[in-house]
Amino acid sequence: MSYYPYTDRFEVHRSIPEHSVPRDEVMATLRQIAAEEDGSWETGQVSGSYYCGDHEHYEHMTGVFGLFAHVNALQRDVCPSATKFSGEIIAMTLDMLGGAAIDDSTPGGIVTSGGTGSILHALIAYRDHARQTRGITTPNVIKPETAHAAFDKGGHLFGIDVRRVPVDPDTATVRPEVVADAIDENTVAIIGSACNYGYGTVDPIPELGQVALSHGVGLHVDGCLGGFILPWGRELGYDIPPFDFSVPGVTSISADTHKYGYGFKGSSVVLFRDQAVRNAQYFYLTDWSGGKYCSPGIDGSTSNGLLAATWASLLDYGKDGYRNVARGIFSTAFAMQDAVRSHPELRIIGSPTFCFSFTSDEFDIYHVNDFMKLRGWRFNGQQYPNAIHMAVTGPQTQPGVAERFASDLDEAVAYANERRGESAGSAAIYGGVAGGMTNEADDFIRMMMADIMDHQLAVPPLEG
Ligand SMILES: Cc1ncc(COP(=O)(O)O)c(C=O)c1O
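Residues numbered from 1 in each chain as written. Predicted model: local features only at pLDDT ≥ 70, side-chain atom pairs only at ≥ 80, totals over all residues. Heavy atoms only, no water.

**Q** Tell me what's going on with the pairing of strand β5 (residues 218–223), and back it up with residues and numbers.
**A** Counting buried positions over the six residues of β5 gives six, a clear majority of the element. Alternating positions in β5 separate into two faces, Gly218, His220 and Asp222 on one and Leu219, Val221 and Gly223 on the other, with burial throughout. The pairing of strand β4 (residues 187–193) with β5 spans five bridges and is classified as parallel. The residue of β5 that forms the bridge with Gly192 is Val221. In this view, the connection linking β4 to its parallel neighbour β5 by way of helix α7 (residues 205–215) has right-handed handedness. Of the pairings in the sheet, the one linking β5 to strand β6 (residues 252–255) comprises four bridges and is parallel in character. Looking at the pairing, His220 lines up with Ser252 of β6. You can see the chain leave β5, run along helix α8 (residues 230–235) and come back into β6, and the turn it takes is right-handed. (Buried < 20%, exposed > 50% of the residue type's maximum accessible area, 1.4 Å probe, protein only. Helix = DSSP H or I, 4+ residues; strand = E, 2+ residues; numbered from the N terminus. Pairing = 2+ DSSP bridges. Right-handed = clockwise from strand over helix to strand, strands pointing away.)

Below you can see the structure in the form of structure tokens.
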């Protein structure tokens, strides 16, 4: 597989063309590229990423996006629609996530650019609120090791000490007493996931809520992945532990509209039980020669088109639409898990639902990945232990996909059994699977990033 497949096929632009390129020419090129790239996930064999897969829904959102794409959501006097869209996105998400149970404060939220954006905003809010109300200048947060890397990124960006605590290897969830032990006088928040990215398991949020309340710290629930699907799973009767604002002690929740909310990429919601925590991170520069500046979050100008399209996505599905899609996703995920469990050599980690991960105590699980890759499957690789992960989405619910997974897996396990004791070719890389599984893998990641970024700049000339 090449990261640069277009170099030989399409003109590479290293400077702005002297004259306008005809629009039909541009569209012909882009249609070809888009169709080829869509072909990779339309089979239903790619984990996560393409949550919806419904081209009619995409077309509808594209129409909505087009009406507002050029509008700057920062300038609310000329686009009050941005306030309508974001306010209603926040209200609808809050309603879905137990907002009605909040009776001790006024809740609020921010629409952000994605899961990472929501997590970053929560972290700044806790940091700044604790500075203002508790005088904390060296803040820390406690995260189960399984909570998303975006928390560590936030710590890196904002000078917050992100303390990782281990999870129970049997359940792949954190033990509340382990979190409680890690709290000190500078802890501003603890974190739980519903569910975590790696294993799809839900931390014990009610118990973490009690820990948060008894220590006077915040509890952020990362529902970036699960926030827009677990509520429907609960309604459908699946065994999903409580994780939303109906749980005492939960002070903020992130939930990605651009995942199971089926919006376009670039949108997510972070909700706060108390607006005061959200407001703590507002930015003001009132003595600037450019005018009095204020912004509610990290971004400056953004496209109102994304807000409009996200809003339209929630309306397009409606609760019954979300429930119906969730029904297919949960039943497909459980059928796939049954296929995994039918092999004694494989072990599912913890008790997941729509997103699951499996490993093997008998052979290197990456042999299974190597084989499945040849059959067109693209999983995400994990480490400690080596495991492969599948987030089931709309495209997997197509007829025949779960069956294809089961039959390809039978062959993959036979392939891996023949290679016991040998190490496999692929390894754990977030969002893709490649490389080798030792310390060289760390160097490989750095090399890969440098290589892609250098080509992105298109200087020096691209190679094939
Ligand atoms: C649980 C969880 N949190 C946060 C994120 C980060 O989201 P994003 O990639 O949209 O920034 C992800 C992404 O998959 C996730 O699964």
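Back to the write-up after that little detour.
**Q** Lay out the sheet that holds strand β1 (residues 108–112) in plain terms, naming residues and giving numbers.
**A** Spatial strand order, β1-β7-β6-β5-β4-β2-β3: seven strands in an open sheet with mixed pairing. Strands with a single pairing partner mark the edges of an open sheet, and in this sheet they are β1 and β3 (161–165). Going from strand to strand, the sheet's axes swing by 20° on average, the running direction of each strand aside. Most of the contacts of helix α5 (residues 149–158) go to β3, to which it runs at about 150°, and overall it touches β2 (140–144), β3, β4 and β5. (Axes fitted to C-alpha atoms, helices over the stretch in contact; angles between N-to-C directions. Contact = heavy atoms within 4.5 Å.)

**Q** I'd like a rundown of helix α2 (residues 55–68), residues and numbers included.
**A** End to end, α2 covers 20 Å across 14 residues, agreeing with the expected 20 Å (1.5 Å per residue, within 8%). All of the buried residues along α2 are His57, Tyr58, Met61 and Val64. Along α2, the residues classed as buried sweep out an arc of 125° about the axis, all on the same side. Those residues of α2 that are exposed and aimed more than 90 degrees away from the buried face are Glu56, Glu59 and Leu67. On the buried face of α2, the contacting elements are α1 (23–42) and α10 (304–341). Structurally, the start of α2 carries an N-cap: the backbone nitrogen of Glu56 is 2.9 Å from a side-chain oxygen of Asp54. (Expected span 1.5 Å × (residues − 1). Arc of directions from axis to C-beta. Polar contact = N/O pair within 3.5 Å; in protein donor to acceptor, adjacent residues only side chain to side chain.)

**Q** Give me the lowdown on the packing of helix α4 (residues 115–134) against α5, citing residues and values where you can.
**A** At their nearest, the axes of α4 and α5 sit 9 Å apart, and the two run at 50° to each other. Classified by the angle between their axes, α4 and α5 sit oblique to one another. At the point where α4 passes α5, the crossing takes the right-handed sense. Taking contact as the criterion, the partners of Thr116, Ile119, Leu120, Leu123, Ile124 and Arg127 in α4 are, on α5, Ala150, Phe151, Lys153, Gly154, Gly155, Leu157 and Phe158. Of the residues assigned to the contact of α4 with α5, the class counts are eight nonpolar, three polar and two charged. (Parallel < 35°, antiparallel > 145°, perpendicular 65-115°, else oblique. Left-handed = near helix turned anticlockwise from the far one by under 90°. Nonpolar A, V, L, I, M, F, W, Y, C, P; charged D, E, K, R; others polar.)

**Q** Any details on the site of the ligand? Residues and values, ideally.
**A** For the ligand, the set of nearby residues contains 14 residues, the closest of which are Gly115, Thr116, Asp222, His258 and Lys259. Gly115 places a main-chain nitrogen or oxygen 2.9 Å from an oxygen atom of the ligand. Note that a nitrogen atom of the ligand is positioned 2.6 Å from one of the side-chain N or O atoms of Asp222. Considering the ligand on its own, with 390 Å² of exposed area, one finds that the protein chains cover 86% of that surface. A per-element tally of the shell around the ligand places α4 first, with three residues. (Near = heavy atom within 4 Å. Areas by Shrake-Rupley, 256 points an atom, 1.4 Å probe, with all protein chains shown as cover.)

**Q** Go over unusual backbone geometry, please, and point to the residues and values.
**A** Of note, the amide linkage connecting Ala194 to Cys195 takes the cis form, showing an omega dihedral of 0°. Considering the arrangement of structural elements, one finds Cys195 in the loop between β4 and α7. One non-glycine residue, Ala172, adopts positive backbone phi at about 55°. With respect to the helices and strands, Ala172 occurs in the loop between β3 and α6 (176–182). In this structure Ala172 comes out as buried when scored by relative accessible area, which is 1%. Look at Tyr384: it is not a glycine, yet its phi comes out positive at around 55°. Looking at the secondary structure, you find Tyr384 in the loop between β12 (380–382) and β13 (387–391).

**Q** Requested: an account of the environment of Arg404, with residues and values cited.
**A** Of note, Arg404 is situated in helix α12 (residues 401–417). Owing to a relative accessible area of 32%, Arg404 belongs among the partly exposed residues under this scheme. Residues Arg404 and Gln45, 359 residues apart in the sequence, show an inter-C-alpha distance of 9.2 Å. Every residue in contact with Arg404, bar those within four places of it in the chain, is listed here: Thr43, Gln45 and Trp377. Within the structure, the side chain of Arg404 is placed 2.9 Å from the backbone oxygen of Thr43, a separation counted as a polar contact. Polar contacts involving the side chain of Arg404 include one to the side chain of Gln45, which spans 3.3 Å.

**Q** I'd like a rundown of the pairing of β13, residues and numbers included.
**A** The buried fraction of β13 amounts to five of the five residues, a majority that puts the element mostly inside the structure. Where burial is concerned, the two faces of β13 agree: the one with Ala387, His389 and Ala391 and the one with Ile388 and Met390 are both buried. Pairing between strand β11 (residues 355–360) and β13: four bridges, direction antiparallel. By the bridge assignment for β13, Ser357 is matched with His389. Of the pairings in the sheet, the one linking β12 to β13 comprises three bridges and is antiparallel in character. Directly across from Gln382, in β13, lies its bridge partner Ala387. Between β12 and the antiparallel strand that follows it, β13, lie four residues; Tyr384 among them carries a positive phi value of about 55°.

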